[in-house]
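Listed here are the chains, written in short residue letters.
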Amino acid sequence: MGSTTPTRPKAEAVAYRGATLPNVLEDLVVPNVVDLDFEEKLWNVWFRPLMFNVTQGYFVNLLRVRKSGILSRHRHTGPVHATTLKGRWHYLEHPWWATEGSYAFEVPGDIHTLEVPDGVEEMVTLFHVTGAYIYVDPDGNAQGIEDVFSKLELARAHYKEVGLGGDFADQFVR
Ligand SMILES: [Fe+2]
């Protein structure tokens, strides 16, 4: 075994000049994601998709709620990362609040109901959701499911409806 001392080459501003490695996909870059006056058409009701990762089974989106509201009770099959960019929200089941500028990690298996309280003009949160949402009744019985594949289908239908074409969603697929 070698040394356990971490090493890193000295940083230098010299770009890689070789060929792209085999099977490497394009980076995905979405501008103006926090420009909240951005093109209304890009928002699918409350969600603006930023990434549909069909190879790893996750999606990234912005959730926007403009008045107080509820997001249906659900259980997660995988981890969720949530960074709150604007406003605040909480889960009816937990004592903590997601406030502007905060980060929350939602553990797999947790069952919760998202509420944006009265008095919050606008809430925007960046979610990274792995696996599925299983929508449940108050006793935890499954009622519906949503995952990267159903989200992608919904986005395609939305973009088609607003005149951008269903293919518009494909730029967010990796
Ligand atoms: Fe959740």
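Quick note: structure is the one above.
Fair warning: this is a prediction, and the values are worked out from it, not measured in the lab. (Residues numbered from 1 in each chain as written. Predicted model: local features only at pLDDT ≥ 70, side-chain atom pairs only at ≥ 80, totals over all residues.)

**Describing the nonpolar core**
Where we set the bar: To count as a nonpolar core, a set of buried Ala, Val, Leu, Ile, Met, Phe, Trp, Tyr and Cys residues must be joined through C-beta atoms within 7 Å. To sort residues by exposure, count the other C-beta atoms lying within 10 Å of each residue's C-beta; 20 or more gives buried, 12 or fewer gives exposed, and values between give partly exposed, all with C-beta atoms placed from the backbone. Counting from the N terminus, the helices are DSSP H or I runs at least four residues long and the strands are E runs at least two residues long. Here, residues touch in the contact sense if the C-beta positions derived from the backbone fall within 7 Å of one another.
Of all hydrophobic cores here, the largest spans 11 residues; its members are Phe52, Tyr58, Phe59, Val60, Val129, Val148, Leu152, Ala155, Tyr159, Ala169 and Phe172. When contributions to this core are tallied by element, the ones reaching two or more residues are strand S2 (58–65) and helix H1 (148–161). When residues of this core are assigned to their parent elements, the largest contribution, four residues, is made by H1. For Phe52, the residues in contact, after removing those within four places along its chain, are Phe59, Val148, Lys151, Leu152, Phe172 and Val173. By size, the runner-up hydrophobic cluster in this structure holds nine residues, among which are Leu62, Ala98, Leu114 and Val116.

**Details of the environment of Leu152**
Looking at the secondary structure, you find Leu152 in helix H1. Since 20 C-beta atoms lie within 10 Å of it, Leu152 is described here as buried. Along the backbone, Leu152 and Pro49 are 103 residues apart, and their C-alpha atoms lie at a distance of 8.7 Å. Those residues in contact with Leu152 that lie beyond four places of it in its chain are Phe52, Ala169 and Val173.

**Here we look at the pairing of strand S10 (residues 133–136)**
Where we set the bar: Two strands make a pair as long as DSSP finds a minimum of two bridges between them.
Where strand S3 (residues 69–76) and S10 come together, three bridges link them in antiparallel fashion. Following the sheet pairing, His74 is matched in S10 by Tyr135. What sits between S10 and strand S11 (residues 142–146) in their antiparallel hairpin is a turn of five residues, with Gly140 showing a positive phi close to 90°.

**Here we look at the sheet that holds S3**
Applied cut-off: Every angle, taken between N-to-C directions, lies between 0 and 180 degrees, and every axis is a line fitted to C-alpha atoms, over only the stretch in contact when it is a helix.
In spatial order, the strands read S6-S5-S8-S3-S10-S11; together these six strands make up an open sheet with antiparallel pairing. Across the chains shown, the open sheet's two edge strands, defined by having one partner strand only, are strand S6 (97–99) and S11. In this sheet, adjacent strand axes meet at a mean angle of 30° when their direction is disregarded. Sheet topology places S10 next to S11; four bridges connect them, and they run antiparallel. The partner of Ile134 across the bridge, within S11, is Ile145.

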